[in-house]
Amino acid sequence: MALRARALYDFRSENPGEISLREHEVLSLCSEQDIEGWLEGVNSRGDRGLFPASYVQVIRAPAAEPPPPARYANVPVGGFEPLPPPAAFKPAAQQPPPETFPPPPAGYPFPPYGGSYQPSQGSDDDWDDDWDDSSTVADEPGALGSSYPDYEVAGGGAPGRYRLSTRSEPSLGPRGAGHPPGHPHPPGGGGAAKSSATVSRNLNRFSTFVKSGGEAFVLGEASGFVKDGDKLCVVLGPRGPEWQENPYPFQCSIEDPTKQTKFKGMKSYIAYKLVPSHTGQQVHRRYKHFDWLYGRLAEKFPVISVPHLPEKQATGRFEEDFISKRRKGLAWWMDHMCSHPVLAQCDAFQHFLTCPSTDEKAWKQGKRKAEKDEMVGANFFLTISVPTGPGASLDLQEVESQVDGFKAFTKKMDESALQLNHTANEFARKQVTGFKKEYQKVGHSFKCLSQAFELDQQAFSAGLNQAIAFTAEAYDAIGDLFADQPRQDLDPVMDLLALYQGHLANFPDIIHVQKGALTKVKESKRHVEEGKMELQKAEGIQERCNIISFATLAEINHFHKIRVRDFKSQMQHFLQQQILFFQKVTQKLEEALHKYDSV
């Protein structure tokens, strides 16, 4: 007996892996086991893929061919909750509450959001001192239905604390499984046709758009209390949306990395002295503290490019060259942190900069507070305040064009940065080894010539012999200059490229969040045009997408602003160092030349 099913409604595929159905069409099923409300099968046109289980009625009929093997049979069903029966067929009063999705099961092989941050492992500054305890990050609050943009003073709440929320419509699971999107209720069911359609959920529950909370926010499932200090303002500047500038800008130096020990010398680590300009008070931080801060910020800000830290190293951590290189990398990282209007004012960053190194209690309290921050995930987007009024709304088609242009730019910049980094690294290697060796080989040859001339005991040739010997010494010194030069010009360029390669690795996820929101807007507009969704619901989705678009464009503009500043400064430094280098080489050659004047 082959497994078959009859389509009850039309279904139009919108995502890869789905197939379209026509009403009354007979399909072959790969398995009766549904995957989070979806079945896999083959339609009458030979297309194979997924479709909502609630759109079909399983029938059994003899068939000559066995059912095709299920490609999705290995999906861990234990990681998902089963969907309820088609609840949308019930009257509105009997509708179930919005469906939520459980986190992936323990040990599920997917990286955390962002894909780039991994907690410290190995021996590089392990978390094992008295500054830490067993406290863990608080679970994200569940999504609550509410209204957007709806500012309400929370009853009994503290002054300056507001409840922000987005109205949540009944959710029917991924891609609306549970009731056909836009299909009128069957005879005997309650509800009108306009209210039957819902914007679908992404089938991939591990996508960045879903894990960042962007989908839940756009679909109206975010709710939380936003303090005045948590608001992130986007303003319209001469180049478009921009983050509101930090009213109290500051810088922070990183100096004097020193090796310290604990446990009576059994454990060693490097501590860096930080001196923020707005406090003037120095604090000492280990690399693990930087690593903890980066993890918190990367989780909290899904539409902001948090700069990557210099890479970890398991061996040679106490070598002078490595410590110096890491300090320079941390200095670049700190500069970008302090230059970002949002990151610079974040509570976790300020705690990192200002908490006294000796006050363990205060550090633990600030650490717990940061780890229990409720304004993460979907709730983070509630903190974003965007321009309102005439002319403040974004043209989403223009936004899509700008984001696509930036995506092409980042791809090309990433390729160019990789090429320049490879070229600079190869050229530096040649200077340190090849050029030095070649110049010193020339110097040695001149020295051999002078030694040969010394065999002539004529007094009038002594001056020439000395001049040639000095020329040999000059070329030997020029070889040393070549070997030392990459530290002055090429290494800083490669340090900057490494920092920007981290930024470029962040933007695909940021763009994915914005693209996901835009897809939901297009879907809601289609439902409105088909008369299957109320205009008010679609406008709410578009308004929330507008917030994500404002934030994305603001971050793009900040990236370009900092990029121009950094590369202008670094190229000036590179060329200045090149000029100084060749001036030193010229000076050595001129000194050798003058030796022949007295011959």
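Look a little higher up for the structure.
Along each chain, the written sequence defines residue order, and numbers are assigned to residues from 1. Per-residue local features of the predicted model are confined to residues with pLDDT of at least 70, and side-chain atom pairs are confined, for both listing and counting, to 80 or more; whole-chain, interface and lining totals are unaffected and use all residues. Side-chain numbers come from the whole structure's heavy atoms, not from hydrogens or water.

A. Local environment of the overall build of the protein. Going along the chain from the N terminus, every DSSP run of H or I of four or more residues is numbered as a helix, and every run of E of two or more is numbered as a strand. Scanning the protein from terminus to terminus reveals 10 helices and 14 strands. Taken across its 599 residues, the protein has 44% of its residues classed as buried. By the convention used here, residues are in contact when the closest approach between their heavy atoms is within 4.5 Å. Put simply, of all contacts in the protein between residues at least 6 apart along the chain, 72% involve residues at least 24 apart. Each accessible area value is a Shrake-Rupley result obtained with a 1.4 Å probe; residue values ignore everything except the protein chains displayed when judging cover. Accessible surface, the protein: about 30,300 Å² in total, of which carbon and sulfur atoms supply 54%. In this scheme, a residue with accessible area under 20% of its type's maximum is buried, one over 50% is exposed, and one in between is partly exposed, where area comes from a 1.4 Å probe on protein chains only.

B. Region of interest: the packing of aromatic side chains. In summary, the pairing rule links any two rings of Phe, Tyr or Trp, Trp by its six-membered ring, whose centres are within 6.5 Å, and it sorts them by plane angle into stacked for under 30 degrees, edge-to-face for over 60 and tilted for everything else. Evaluated as defined, the whole model comprises 24 aromatic pairs. Taking the centre distance of 5.3 Å and the plane angle of 25° together, the rings of Phe217 and Phe381 count as stacked. In this pair, Phe217 is assigned in helix H2 (residues 214-218) and Phe381 in the loop between helix H6 (360-371) and strand S14 (384-385), connecting sequence segments 164 residues apart. Measuring from ring centre to ring centre gives 4.8 Å for Phe482 and Phe581, while their planes differ by 75°; the resulting arrangement is edge-to-face.

C. Structural detail: the packing of helix H7 (residues 396-453) against helix H10 (residues 535-594). Between H7 and H10, the least distance of the axes is 11 Å, while the angle of their chain directions is 35°. Where H7 crosses over H10, the two elements pack in a sense that is left-handed. Only Gln542, Cys545, Asn546, Ser549, Leu553, Ile556, Phe559, His560, Arg563 and Phe567 of H10 make contact with H7, whose side of the interface consists of Leu396, Val399, Gln402, Val403, Phe406, Phe409 and Met413. Of the residues that constitute the contact of H7 with H10, the class distribution is 11 nonpolar, five polar and one charged. A fitted line through C-alpha atoms represents every axis, and for helices the fit uses only the stretch in contact; the resulting angles, taken between N-to-C directions, go from 0 to 180 degrees. Put simply, a crossing is left-handed when the front helix is turned counterclockwise from the back one by less than a right angle, and right-handed when it is turned clockwise. Asp, Glu, Lys and Arg are counted as charged, while Ala, Val, Leu, Ile, Met, Phe, Trp, Tyr, Cys and Pro are counted as nonpolar; the rest, among them Gly, fall into the polar class.

D. Geometry of helix H8 (residues 462-484). Helices are assigned an expected span. That span is 1.5 Å times one less than the residue count. If you check H8, its first and last C-alpha atoms are 34 Å apart, about what 23 residues at 1.5 Å a residue would give, namely 33 Å. Burial in H8 covers these residues: Asn465, Ala467, Ile468, Thr471, Ala472, Ala474, Ile478, Gly479, Phe482 and Ala483. On the buried face of H8, the contacting elements are H7 and H10.

E. Spotlight on the sheet that holds S14. Any two strands are treated as partners once DSSP identifies two or more bridges connecting them. One open sheet accounts for three strands, arranged S10-S9-S14; its pairing is mixed. Looking at which strands have only one partner, the edges of the open sheet turn out to be strand S10 (240-243) and S14. The sheet contact formed by strand S9 (residues 232-237) and S10 spans four bridges and is antiparallel. Residue pairing across strands places Leu236 opposite Pro241, the latter belonging to S10. Seen against the sheet, H10 touches S9, S10 and S14 and runs at an angle of roughly 80° to S10.

F. Summary view of unusual backbone geometry. Even without being a glycine, His24 presents a positive backbone phi close to 75°. Along the chain, His24 turns up in the loop between strand S1 (2-7) and strand S2 (26-29). One non-glycine residue with positive phi stands out, namely Asp256, at about 45°. By the element assignment, Asp256 lies in strand S11 (residues 252-262).

G. Expanded view of the environment of Lys588. Inspection of the secondary structure puts Lys588 in helix H10. With 111 residues separating them in the primary sequence, Lys588 and Ala477 have C-alpha atoms 8.0 Å apart. The residues touching Lys588, leaving out its near neighbours within four places in the chain, are Ala474, Ala477, Ile478 and Leu481.

H. Spatial organisation of the environment of Asp34. You can see Asp34 is positioned in the loop between S2 and strand S3 (38-42). For the pair Asp34 and Phe51, spaced 17 residues apart in the sequence, the C-alpha separation amounts to 9.8 Å.

I. Structural view of H7. Between its terminal C-alpha atoms H7 stretches 82 Å, which fits the 86 Å expected from 58 residues at 1.5 Å a residue. Throughout, bend refers to the angle between the axes fitted to the seven residues that end at a position and the seven residues that start at it. Approximately 45° is the largest bend angle found in H7, and it occurs at Gln431. Among the residues of H7, Leu396, Val399, Val403, Phe406, Thr410, Met413, Ala417, Ala424, Ala428, Gln431, Gly443 and Ser450 are the ones counted as buried. Tucked into the core, H7 has its buried residues touching H8, helix H9 (490-529) and H10. Nitrogen and oxygen atoms within 3.5 Å of one another constitute a polar contact, given that in protein one can donate a hydrogen and the other can accept it, and given that sequence-neighbouring residues count only through two side-chain atoms. Of the residues flanking the start of H7, the one acting as N-cap is Asp395, its side-chain oxygen 3.0 Å from the backbone nitrogen of Gln397.

J. Quick peek at the nonpolar core. Judged by nonpolar contacts, the single largest core of 85 residues is most densely connected at Phe217, Leu274, Phe290, Phe301, Met334, Phe349 and Phe352. When residues of this core are assigned to their parent elements, the largest contribution, 12 residues, is made by H10. In contact with Met334, other than residues within four places in its own chain, are Cys252, Ile254, Leu274, Phe290, Phe349, Phe352 and Leu353. To define a nonpolar core, start from buried Ala, Val, Leu, Ile, Met, Phe, Trp, Tyr and Cys residues and group those joined through side-chain atoms within 4.5 Å. Of all hydrophobic cores here, the second largest spans 15 residues; its members include Ala7, Leu21, Trp38 and Leu50.

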